[in-house]
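Geometric and topological summary
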Amino acid sequence: MAPGRIARLTSDREARRRAFLESAGLGAVRRQPLAGDASTRRYERLHPPTGPSLILMDQPPAVETQPCPPDATGEERAALGYNALARLAAGRVDAFVACAGYLRARGLSAPQVIASEPSEGLAVLEDLGDDLYARLIETGGDEAPLYDGAIDVLVKLHAEPPPAMLSADGSTWPLLTYDDLALKTAGDLFIEWLPRLLPDLTFDDEAAAEWEAIWAPIRARGVAGADVFCHRDFHAENLIWLPGRQGPARTGLLDFQDALRAHPAWDLSMLLHDARRDVSADCEQAALDRYLAARPQGDRDAFIADFHALGALNVARILGIFSRLVARDGKPRYRAFMPRLWGYLDRCLKDHPPAGLAAWLERHVPLEARA
(Lines give C-alpha, C1' and ligand atoms only; values in the text may rest on other atoms or scores of the structure.)
Protein backbone atom coordinates (compact mmCIF):
# COMPACT_ATOMS: atom_id res chain seq x y z
CA MET A 1 0.00 0.00 0.00
CA ALA A 2 1.32 3.42 -0.94
CA PRO A 3 2.57 5.60 1.94
CA GLY A 4 0.08 8.34 1.07
CA ARG A 5 -2.86 5.95 1.26
CA ILE A 6 -1.64 4.55 4.58
CA ALA A 7 -1.41 8.09 5.96
CA ARG A 8 -4.96 8.87 4.78
CA LEU A 9 -6.34 5.69 6.33
CA THR A 10 -4.56 6.42 9.60
CA SER A 11 -5.93 9.95 9.63
CA ASP A 12 -9.46 8.73 8.85
CA ARG A 13 -9.29 6.19 11.66
CA GLU A 14 -8.11 8.81 14.11
CA ALA A 15 -11.01 11.04 13.10
CA ARG A 16 -13.42 8.18 13.82
CA ARG A 17 -11.86 7.59 17.22
CA ARG A 18 -12.18 11.28 18.11
CA ALA A 19 -15.79 11.43 16.95
CA PHE A 20 -16.66 8.33 18.96
CA LEU A 21 -15.07 9.72 22.12
CA GLU A 22 -16.89 13.02 21.63
CA SER A 23 -20.22 11.20 21.28
CA ALA A 24 -19.50 9.28 24.49
CA GLY A 25 -18.83 12.53 26.37
CA LEU A 26 -15.10 11.81 26.50
CA GLY A 27 -13.74 14.41 24.13
CA ALA A 28 -11.60 15.98 26.85
CA VAL A 29 -9.72 12.84 27.91
CA ARG A 30 -5.96 12.51 27.85
CA ARG A 31 -5.08 9.50 25.71
CA GLN A 32 -2.22 7.12 26.45
CA PRO A 33 -1.37 4.38 23.89
CA LEU A 34 -0.86 0.91 25.38
CA ALA A 35 1.36 -1.91 24.17
CA GLY A 36 -0.21 -4.18 21.58
CA ASP A 37 -0.41 -7.96 21.25
CA ALA A 38 -0.49 -10.44 18.38
CA SER A 39 -3.90 -9.21 17.19
CA THR A 40 -5.02 -6.34 14.96
CA ARG A 41 -6.56 -4.45 17.90
CA ARG A 42 -5.08 -1.42 19.61
CA TYR A 43 -5.78 -0.01 23.06
CA GLU A 44 -5.46 3.34 24.76
CA ARG A 45 -5.84 4.28 28.41
CA LEU A 46 -8.12 7.29 28.74
CA HIS A 47 -7.64 9.77 31.57
CA PRO A 48 -10.75 11.97 32.01
CA PRO A 49 -10.45 15.27 33.87
CA THR A 50 -12.28 13.61 36.78
CA GLY A 51 -13.05 10.05 37.68
CA PRO A 52 -11.22 6.77 37.04
CA SER A 53 -9.26 5.92 33.93
CA LEU A 54 -10.92 3.99 31.11
CA ILE A 55 -9.79 1.86 28.16
CA LEU A 56 -10.44 2.56 24.48
CA MET A 57 -10.56 -0.61 22.39
CA ASP A 58 -10.09 -0.05 18.65
CA GLN A 59 -10.62 -2.87 16.14
CA PRO A 60 -10.96 -1.57 12.56
CA PRO A 61 -13.77 -3.69 11.07
CA ALA A 62 -12.22 -4.17 7.62
CA VAL A 63 -8.84 -5.49 8.82
CA GLU A 64 -9.89 -9.10 9.50
CA THR A 65 -11.58 -11.74 7.36
CA GLN A 66 -15.22 -12.43 8.21
CA PRO A 67 -16.34 -14.44 11.25
CA CYS A 68 -18.32 -17.65 10.88
CA PRO A 69 -22.07 -17.38 10.23
CA PRO A 70 -23.87 -19.86 12.51
CA ASP A 71 -25.28 -21.94 9.65
CA ALA A 72 -22.30 -21.80 7.26
CA THR A 73 -21.19 -25.02 5.58
CA GLY A 74 -17.59 -26.13 5.57
CA GLU A 75 -17.20 -24.95 1.99
CA GLU A 76 -18.68 -21.56 2.83
CA ARG A 77 -16.37 -21.21 5.83
CA ALA A 78 -13.35 -22.06 3.68
CA ALA A 79 -14.39 -19.40 1.17
CA LEU A 80 -14.74 -16.80 3.94
CA GLY A 81 -11.25 -17.50 5.29
CA TYR A 82 -9.37 -18.52 8.41
CA ASN A 83 -11.57 -16.75 10.97
CA ALA A 84 -14.67 -18.58 9.73
CA LEU A 85 -12.85 -21.91 9.59
CA ALA A 86 -11.53 -21.54 13.13
CA ARG A 87 -14.69 -19.85 14.41
CA LEU A 88 -12.83 -16.76 15.57
CA ALA A 89 -14.76 -13.53 16.11
CA ALA A 90 -12.52 -11.49 13.79
CA GLY A 91 -12.03 -9.01 16.63
CA ARG A 92 -15.66 -7.92 16.44
CA VAL A 93 -16.60 -5.46 19.15
CA ASP A 94 -20.17 -6.78 19.36
CA ALA A 95 -18.70 -10.20 20.25
CA PHE A 96 -16.69 -8.63 23.07
CA VAL A 97 -19.66 -6.64 24.38
CA ALA A 98 -22.03 -9.63 24.37
CA CYS A 99 -19.49 -11.94 26.00
CA ALA A 100 -18.63 -9.31 28.62
CA GLY A 101 -22.29 -9.01 29.57
CA TYR A 102 -22.64 -12.78 29.91
CA LEU A 103 -19.59 -12.96 32.17
CA ARG A 104 -20.60 -10.02 34.35
CA ALA A 105 -24.11 -11.50 34.77
CA ARG A 106 -22.42 -14.48 36.41
CA GLY A 107 -20.58 -12.31 38.90
CA LEU A 108 -17.29 -12.45 37.02
CA SER A 109 -15.00 -9.49 36.42
CA ALA A 110 -15.23 -8.73 32.73
CA PRO A 111 -14.87 -5.00 32.02
CA GLN A 112 -18.04 -2.95 32.13
CA VAL A 113 -18.82 -1.49 28.70
CA ILE A 114 -19.13 2.30 29.08
CA ALA A 115 -19.88 3.01 25.41
CA SER A 116 -19.65 1.02 22.18
CA GLU A 117 -20.08 1.48 18.47
CA PRO A 118 -19.64 -2.04 17.07
CA SER A 119 -20.11 -1.02 13.43
CA GLU A 120 -17.02 1.18 13.78
CA GLY A 121 -15.10 -1.32 15.91
CA LEU A 122 -14.84 0.97 18.92
CA ALA A 123 -15.64 0.62 22.62
CA VAL A 124 -14.82 2.34 25.91
CA LEU A 125 -14.35 -0.10 28.76
CA GLU A 126 -13.82 -0.15 32.49
CA ASP A 127 -10.10 -0.12 33.29
CA LEU A 128 -9.29 -3.19 35.39
CA GLY A 129 -5.74 -1.98 35.98
CA ASP A 130 -2.28 -3.31 35.22
CA ASP A 131 -1.93 -6.22 37.65
CA LEU A 132 -1.76 -8.92 35.03
CA TYR A 133 -1.03 -12.35 36.44
CA ALA A 134 2.06 -12.56 34.26
CA ARG A 135 3.55 -9.30 35.54
CA LEU A 136 2.79 -10.07 39.19
CA ILE A 137 4.47 -13.47 38.97
CA GLU A 138 7.48 -12.00 37.12
CA THR A 139 8.05 -9.60 39.99
CA GLY A 140 7.96 -12.31 42.66
CA GLY A 141 4.26 -12.55 43.43
CA ASP A 142 2.91 -15.81 44.83
CA GLU A 143 1.35 -17.71 41.93
CA ALA A 144 -0.72 -20.05 44.13
CA PRO A 145 -3.62 -17.66 44.95
CA LEU A 146 -3.62 -16.43 41.37
CA TYR A 147 -4.06 -19.89 39.89
CA ASP A 148 -6.61 -20.72 42.58
CA GLY A 149 -8.54 -17.64 41.47
CA ALA A 150 -8.33 -18.62 37.81
CA ILE A 151 -9.61 -22.12 38.58
CA ASP A 152 -12.49 -20.64 40.57
CA VAL A 153 -13.48 -18.65 37.46
CA LEU A 154 -13.57 -21.82 35.38
CA VAL A 155 -15.58 -23.68 38.02
CA LYS A 156 -18.11 -20.84 37.98
CA LEU A 157 -18.24 -20.74 34.19
CA HIS A 158 -18.60 -24.49 33.87
CA ALA A 159 -21.42 -24.76 36.40
CA GLU A 160 -24.13 -24.18 33.77
CA PRO A 161 -24.54 -24.69 30.03
CA PRO A 162 -24.31 -21.41 28.11
CA PRO A 163 -27.02 -20.19 25.73
CA ALA A 164 -26.71 -20.35 21.96
CA MET A 165 -26.97 -16.56 21.71
CA LEU A 166 -25.38 -13.97 23.98
CA SER A 167 -26.93 -10.53 24.36
CA ALA A 168 -25.84 -7.48 26.38
CA ASP A 169 -25.61 -3.70 26.09
CA GLY A 170 -27.32 -3.66 22.70
CA SER A 171 -25.08 -6.33 21.14
CA THR A 172 -25.88 -9.95 20.33
CA TRP A 173 -23.45 -12.66 19.34
CA PRO A 174 -23.83 -16.40 18.63
CA LEU A 175 -21.90 -18.72 20.92
CA LEU A 176 -20.85 -21.35 18.38
CA THR A 177 -19.39 -24.75 19.18
CA TYR A 178 -15.71 -25.55 18.84
CA ASP A 179 -16.65 -28.08 16.19
CA ASP A 180 -14.62 -30.64 14.27
CA LEU A 181 -13.72 -28.26 11.44
CA ALA A 182 -12.53 -25.56 13.84
CA LEU A 183 -10.48 -28.09 15.80
CA LYS A 184 -9.02 -29.54 12.60
CA THR A 185 -8.14 -26.06 11.37
CA ALA A 186 -6.39 -25.49 14.71
CA GLY A 187 -4.36 -28.69 14.67
CA ASP A 188 -3.41 -28.45 11.01
CA LEU A 189 -1.63 -25.16 11.61
CA PHE A 190 1.23 -27.29 12.93
CA ILE A 191 1.83 -29.25 9.73
CA GLU A 192 1.13 -26.21 7.55
CA TRP A 193 3.43 -23.69 9.22
CA LEU A 194 6.20 -25.54 11.06
CA PRO A 195 7.91 -26.50 7.75
CA ARG A 196 7.75 -22.87 6.64
CA LEU A 197 9.62 -21.91 9.78
CA LEU A 198 11.97 -24.92 9.57
CA PRO A 199 12.52 -25.68 5.86
CA ASP A 200 14.41 -28.89 6.62
CA LEU A 201 11.11 -30.40 7.76
CA THR A 202 8.79 -31.91 5.16
CA PHE A 203 5.41 -33.48 5.79
CA ASP A 204 4.33 -35.44 2.72
CA ASP A 205 0.82 -36.71 1.99
CA GLU A 206 1.42 -39.87 3.99
CA ALA A 207 2.61 -37.91 7.03
CA ALA A 208 -0.42 -35.61 6.73
CA ALA A 209 -2.77 -38.59 6.56
CA GLU A 210 -1.16 -40.08 9.68
CA TRP A 211 -1.51 -36.73 11.42
CA GLU A 212 -5.21 -36.68 10.61
CA ALA A 213 -5.67 -40.25 11.87
CA ILE A 214 -4.07 -39.32 15.20
CA TRP A 215 -6.27 -36.31 15.83
CA ALA A 216 -9.66 -37.29 14.42
CA PRO A 217 -10.70 -39.31 17.50
CA ILE A 218 -9.34 -36.61 19.83
CA ARG A 219 -11.40 -33.97 18.02
CA ALA A 220 -14.46 -36.19 18.37
CA ARG A 221 -13.93 -36.26 22.15
CA GLY A 222 -13.59 -32.49 22.15
CA VAL A 223 -16.85 -32.00 20.27
CA ALA A 224 -18.72 -34.57 22.37
CA GLY A 225 -17.69 -32.76 25.56
CA ALA A 226 -18.35 -29.23 24.28
CA ASP A 227 -20.84 -28.10 26.89
CA VAL A 228 -19.34 -25.03 28.65
CA PHE A 229 -18.53 -21.40 27.91
CA CYS A 230 -14.91 -21.34 26.75
CA HIS A 231 -12.94 -18.09 27.09
CA ARG A 232 -10.48 -19.58 24.57
CA ASP A 233 -7.48 -17.38 25.44
CA PHE A 234 -7.42 -18.00 29.18
CA HIS A 235 -3.82 -17.44 30.34
CA ALA A 236 -1.69 -15.22 32.51
CA GLU A 237 -1.44 -12.36 29.99
CA ASN A 238 -5.25 -12.02 29.91
CA LEU A 239 -6.01 -12.35 33.63
CA ILE A 240 -5.83 -9.43 36.10
CA TRP A 241 -5.64 -9.81 39.87
CA LEU A 242 -8.32 -7.81 41.69
CA PRO A 243 -7.77 -8.68 45.37
CA GLY A 244 -10.34 -6.12 46.54
CA ARG A 245 -13.12 -8.24 45.04
CA GLN A 246 -14.49 -11.50 46.37
CA GLY A 247 -14.56 -15.10 45.15
CA PRO A 248 -14.19 -15.70 41.41
CA ALA A 249 -14.52 -11.95 40.81
CA ARG A 250 -10.95 -11.56 42.12
CA THR A 251 -9.76 -12.52 38.62
CA GLY A 252 -10.36 -9.92 35.93
CA LEU A 253 -10.93 -11.22 32.41
CA LEU A 254 -9.68 -9.81 29.11
CA ASP A 255 -9.59 -10.85 25.44
CA PHE A 256 -12.57 -13.21 25.52
CA GLN A 257 -14.31 -12.14 22.29
CA ASP A 258 -13.40 -15.44 20.55
CA ALA A 259 -15.40 -17.43 23.10
CA LEU A 260 -17.09 -20.65 22.05
CA ARG A 261 -18.98 -23.55 23.53
CA ALA A 262 -16.21 -26.09 24.08
CA HIS A 263 -14.86 -28.93 26.17
CA PRO A 264 -13.96 -27.72 29.70
CA ALA A 265 -10.40 -29.03 29.27
CA TRP A 266 -9.67 -26.39 26.62
CA ASP A 267 -9.40 -23.36 28.92
CA LEU A 268 -7.53 -25.46 31.46
CA SER A 269 -4.95 -26.22 28.80
CA MET A 270 -4.68 -22.55 27.88
CA LEU A 271 -4.04 -21.71 31.54
CA LEU A 272 -1.67 -24.56 32.39
CA HIS A 273 0.19 -24.83 29.06
CA ASP A 274 0.96 -21.12 28.99
CA ALA A 275 3.28 -20.34 26.10
CA ARG A 276 4.66 -17.17 27.69
CA ARG A 277 5.57 -18.44 31.15
CA ASP A 278 6.60 -21.69 32.77
CA VAL A 279 3.79 -23.46 34.60
CA SER A 280 5.33 -26.23 36.66
CA ALA A 281 3.99 -29.77 36.78
CA ASP A 282 3.23 -29.20 40.47
CA CYS A 283 1.21 -26.06 39.71
CA GLU A 284 -0.64 -27.93 36.96
CA GLN A 285 -1.50 -30.79 39.29
CA ALA A 286 -2.67 -28.47 42.07
CA ALA A 287 -4.89 -26.58 39.63
CA LEU A 288 -6.41 -29.77 38.23
CA ASP A 289 -7.00 -31.11 41.74
CA ARG A 290 -8.79 -27.89 42.74
CA TYR A 291 -10.93 -27.95 39.61
CA LEU A 292 -11.90 -31.62 39.94
CA ALA A 293 -12.62 -31.29 43.67
CA ALA A 294 -15.13 -28.56 42.82
CA ARG A 295 -16.78 -30.76 40.18
CA PRO A 296 -16.86 -34.21 41.81
CA GLN A 297 -19.74 -35.43 39.68
CA GLY A 298 -17.50 -36.13 36.68
CA ASP A 299 -15.31 -39.10 35.79
CA ARG A 300 -11.89 -37.95 37.00
CA ASP A 301 -9.84 -40.41 34.93
CA ALA A 302 -11.75 -39.65 31.73
CA PHE A 303 -11.37 -35.91 32.28
CA ILE A 304 -7.64 -36.15 32.89
CA ALA A 305 -7.28 -38.21 29.71
CA ASP A 306 -9.20 -35.55 27.77
CA PHE A 307 -7.11 -32.80 29.35
CA HIS A 308 -3.87 -34.39 28.15
CA ALA A 309 -5.18 -35.26 24.68
CA LEU A 310 -6.87 -31.93 23.98
CA GLY A 311 -3.94 -30.19 25.67
CA ALA A 312 -1.60 -31.82 23.17
CA LEU A 313 -3.83 -30.59 20.34
CA ASN A 314 -3.85 -27.10 21.82
CA VAL A 315 -0.05 -27.03 22.17
CA ALA A 316 0.34 -28.20 18.56
CA ARG A 317 -2.05 -25.41 17.52
CA ILE A 318 -0.01 -22.76 19.33
CA LEU A 319 3.24 -24.09 17.83
CA GLY A 320 1.61 -23.65 14.43
CA ILE A 321 0.41 -20.14 15.24
CA PHE A 322 3.82 -19.06 16.51
CA SER A 323 5.49 -20.58 13.43
CA ARG A 324 3.14 -18.47 11.30
CA LEU A 325 3.83 -15.33 13.33
CA VAL A 326 7.56 -15.75 12.77
CA ALA A 327 7.62 -17.07 9.18
CA ARG A 328 4.81 -15.01 7.67
CA ASP A 329 4.35 -12.00 9.89
CA GLY A 330 7.98 -11.24 10.75
CA LYS A 331 7.55 -11.40 14.54
CA PRO A 332 10.67 -13.31 15.63
CA ARG A 333 10.05 -12.93 19.37
CA TYR A 334 7.50 -15.74 19.24
CA ARG A 335 10.22 -18.22 18.37
CA ALA A 336 11.62 -17.89 21.90
CA PHE A 337 8.38 -19.32 23.33
CA MET A 338 8.46 -22.51 21.29
CA PRO A 339 10.86 -24.63 23.40
CA ARG A 340 8.51 -24.16 26.35
CA LEU A 341 5.63 -25.44 24.22
CA TRP A 342 7.60 -28.53 23.24
CA GLY A 343 8.12 -29.13 26.96
CA TYR A 344 4.37 -28.95 27.58
CA LEU A 345 3.80 -31.37 24.72
CA ASP A 346 6.25 -33.80 26.32
CA ARG A 347 4.25 -33.49 29.55
CA CYS A 348 1.02 -34.32 27.72
CA LEU A 349 2.67 -37.34 26.12
CA LYS A 350 3.70 -38.83 29.47
CA ASP A 351 0.14 -39.63 30.53
CA HIS A 352 -2.80 -40.62 28.30
CA PRO A 353 -0.99 -39.59 25.07
CA PRO A 354 -2.86 -39.47 21.76
CA ALA A 355 -2.20 -42.84 20.13
CA GLY A 356 0.61 -42.63 17.61
CA LEU A 357 1.63 -39.03 18.27
CA ALA A 358 4.98 -39.76 19.91
CA ALA A 359 5.95 -42.11 17.07
CA TRP A 360 4.83 -39.56 14.45
CA LEU A 361 6.97 -36.86 16.05
CA GLU A 362 9.94 -39.20 16.28
CA ARG A 363 9.72 -39.92 12.54
CA HIS A 364 8.98 -36.42 11.29
CA VAL A 365 10.23 -33.84 13.81
CA PRO A 366 13.74 -34.68 15.10
CA LEU A 367 14.68 -33.50 18.57
CA GLU A 368 16.96 -30.76 17.24
CA ALA A 369 13.96 -29.22 15.45
CA ARG A 370 12.12 -28.92 18.77
CA ALA A 371 14.70 -26.62 20.37
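Check the entry above for the structure.
Let me begin by describing the structure that accompanies this report. What you see is a predicted model; the values in this text were computed from it and never measured.

1. Some points on the environment of Leu367
In this structure, Leu367 sits in the segment after α13 (357-364). C-alpha separation for the pair Leu367 and Leu154, spaced 213 residues apart in sequence, amounts to 35 Å.

2. A closer look at unusual backbone geometry
A positive phi angle, near 55°, is found at Arg87, a position not held by glycine. For Arg87, the location among the structural elements is in the loop between α3 (82-86) and α4 (93-105). In this structure Arg87 comes out as buried when scored by relative accessible area, which is 11%. Located in the positive-phi region is Arg232, a residue other than glycine, with phi close to 90°. Mapping Arg232 onto the fold places it in the loop between β8 (228-230) and β9 (239-241).

3. Here we look at the sheet that holds strand β4 (residues 113-117)
If you walk across this open sheet you meet the five strands as β1-β2-β3-β5-β4, and the pairing is antiparallel. Each edge of the open sheet carries a strand with a single partner, namely β1 (30-33) and β4. Taken over all neighbouring pairs, the strand axes of this sheet differ in orientation by 25° on average, direction set aside. In this structure, strand β2 (residues 42-47) lies alongside strand β3 (residues 54-58), joined through five bridges in antiparallel fashion. Paired with Arg42 across the strands is Asp58, a residue of β3.

4. So, the side chain of Arg324
Mapping Arg324 onto the fold places it in helix α11 (residues 300-327). Within the buried set, Arg324 has no salt-bridge partner at all; the shortest N-O distance to an opposite charge, 5.2 Å, is to Asp329. Apart from the residues lying within four places of it in its own chain, the contact partners of Arg324 are Tyr82, Leu189, Trp193 and Asp329.

Thresholds, definitions, all that
Residues numbered from 1 in each chain as written. Predicted model: local features only at pLDDT ≥ 70, side-chain atom pairs only at ≥ 80, totals over all residues. Heavy atoms only, no water. Helix = DSSP H or I, 4+ residues; strand = E, 2+ residues; numbered from the N terminus. Buried < 20%, exposed > 50% of the residue type's maximum accessible area, 1.4 Å probe, protein only. Pairing = 2+ DSSP bridges. Axes fitted to C-alpha atoms, helices over the stretch in contact; angles between N-to-C directions. Lys, Arg positive; Asp, Glu negative; His and termini not counted. Salt bridge = Lys/Arg side-chain N within 4 Å of Asp/Glu carboxyl O. Contact = heavy atoms within 4.5 Å.

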